[in-house]
Amino acid sequence: METQDLLNKLYRSIKKTLENLKLKSIESLNGNIISSWNETYKYGGTNIFETTFVDALVHSLLQVEGNKEEMTIGWEVNYPWNKDGKYWYKCKLDLGLGLIENSNTDDQALFEVAVEVKRLPAHSETGEFSFDSEISIWQDIFKLYGYRFLDNPQFAEKVGKEKLMLTFSSIPRSNFEKFKTNMTSKYMELQSLIEWKNKNKKPDSSNENDLDFILENLLKWKVGLDRKLLLEECKLQLAEGNIIKKIEFLPQDPEIPNTEEIIVVSLLYL
């Protein structure tokens, strides 16, 4: 299956997932669920967890219209590792699409489309995100750049050919345009990272790479080889359009009775 076909399936499945969550929201209007965090759990509100969303998305992918062939999905699968056996960042991928032929072994399975999923809480009035929430997304973005296969030329061009950071946020429907503006400034334009760098980088360290400084001191990537892969192999720079190529927004159908909240999925293309 072509990569664009896989992206189209993901897009349709997200829409289906949002529709399913909307229906569950309507069904649960007259009751609440108390979570293990002792918070109110509402399908249409702020407390949808990442595991809930990924579970719903996986099932939507398997059910989406147009699946004429059996589909293999990676769910919490190992990142590729190099010849000395080291995992990249010792982590697992939330979602993989497009299983690469002859790559499925006892230890790993490799996919063309790599997706990390994270909830991004937004302030109900301003649409802003907390700095800590922003940084947690950046951690997964840089981690996702490591979903690549370095050793085998047969797989190198296919593994992680498309990388997407998927965030979902619950916002007032009236804040949708404000939310899009905030996402663009924070992630496409790197506003928070640049502001933090300007505040914390000393003048006598001007020769140090700006992104390397952020990776080591803000994101706490202390292993030099990890940072080297991002800076030299992936050629990342602290520049608009370099780390995040584009953002697509998929809002939930706002026609949900008795609620002003909608869920918005943001697809950040690396």
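Since the structure is predicted, the reported quantities are computational estimates derived from the model, not experimental observations. (Residues numbered from 1 in each chain as written. Predicted model: local features only at pLDDT ≥ 70, side-chain atom pairs only at ≥ 80, totals over all residues. Heavy atoms only, no water.)

Peer 1: Please provide a residue-by-residue account of the pairing of strand β5 (residues 111–119), values included.
Peer 2: The side chains of a regular strand alternate between the sheet's two faces. Most of β5 is tucked away, with eight of its nine residues classed as buried. Sheet topology note: the β5/strand β6 (residues 162–172) ladder contains seven bridges and is parallel. In the sheet register, V115 faces β6, and the bridge partner there is L164. (Buried < 20%, exposed > 50% of the residue type's maximum accessible area, 1.4 Å probe, protein only. Helix = DSSP H or I, 4+ residues; strand = E, 2+ residues; numbered from the N terminus. Pairing = 2+ DSSP bridges.)

Peer 1: If you had to explain the packing of aromatic side chains to someone new, which residues and values would you point to?
Peer 2: Geometrically, a pair of aromatic rings is defined through the distance of the ring centres and the angle of the planes. On inspection of all chains with the given rule, the structure shows eight aromatic pairs. Arranged with centres 6.3 Å apart and planes meeting at 75 degrees, the rings of F179 and F249 form a pair that is edge-to-face. Of this pair, F179 sits in helix α5 (residues 176–188) while F249 sits in strand β7 (residues 246–251); the two residues are 70 residues apart in sequence, bridging distant segments of the chain. A relative accessible area of 0% means that F179 is categorised as buried. Taken together, a centroid distance of 5.6 Å and an interplanar angle of 40 degrees make the contact between W196 and F213 tilted. With W196 in helix α6 (residues 191–200) and F213 in helix α7 (residues 210–217), this residue pair connects regions lying 17 residues apart in the sequence. Judged by its relative accessible area of 8%, F213 is buried. Above the ring of Y269, the side-chain terminus of K246 is found at 4.6 Å from the ring centroid. (Phe/Tyr/Trp six-rings, centres within 6.5 Å; stacked < 30°, edge-to-face > 60°. Lys NZ or Arg CZ within 6 Å of the ring centre and 35° of its normal.)

Peer 1: Explain the sheet that holds β5 to me, and be specific about the residues and the numbers.
Peer 2: Read from one edge to the other, the open sheet built from six strands follows the order β3-β4-β5-β6-β8-β7, with strand pairing classed as mixed. The sheet terminates laterally at β3 (73–78) and β7, the two strands that pair on one side only. When the angles between neighbouring strand axes are averaged without regard to direction, this sheet yields 30 degrees. Judged from the four bridges that link them, strand β4 (residues 92–99) and β5 form a sheet pairing that is antiparallel. Of the residues in β5, the one forming a bridge with L99 is F111. (Axes fitted to C-alpha atoms, helices over the stretch in contact; angles between N-to-C directions.)

Peer 1: For α6, give the residues involved together with the corresponding values.
Peer 2: Three or four residues apart is the spacing at which side chains of an α-helix point the same way, because the helix has 3.6 residues per turn. Among the residues of α6, those classed as buried are S192, L193, W196 and K197. Down the axis of α6, the buried set is contained in an arc of 135 degrees. They therefore lie on one face. Relative to its buried face, α6 has exposed residues pointing more than 90 degrees away, namely N198 and K199. Structurally, α6 contributes buried residues whose contacts are with α3 (131–144), α5 and α7. (Arc of directions from axis to C-beta. Contact = heavy atoms within 4.5 Å.)

Just distances and angles here, no functional claims.
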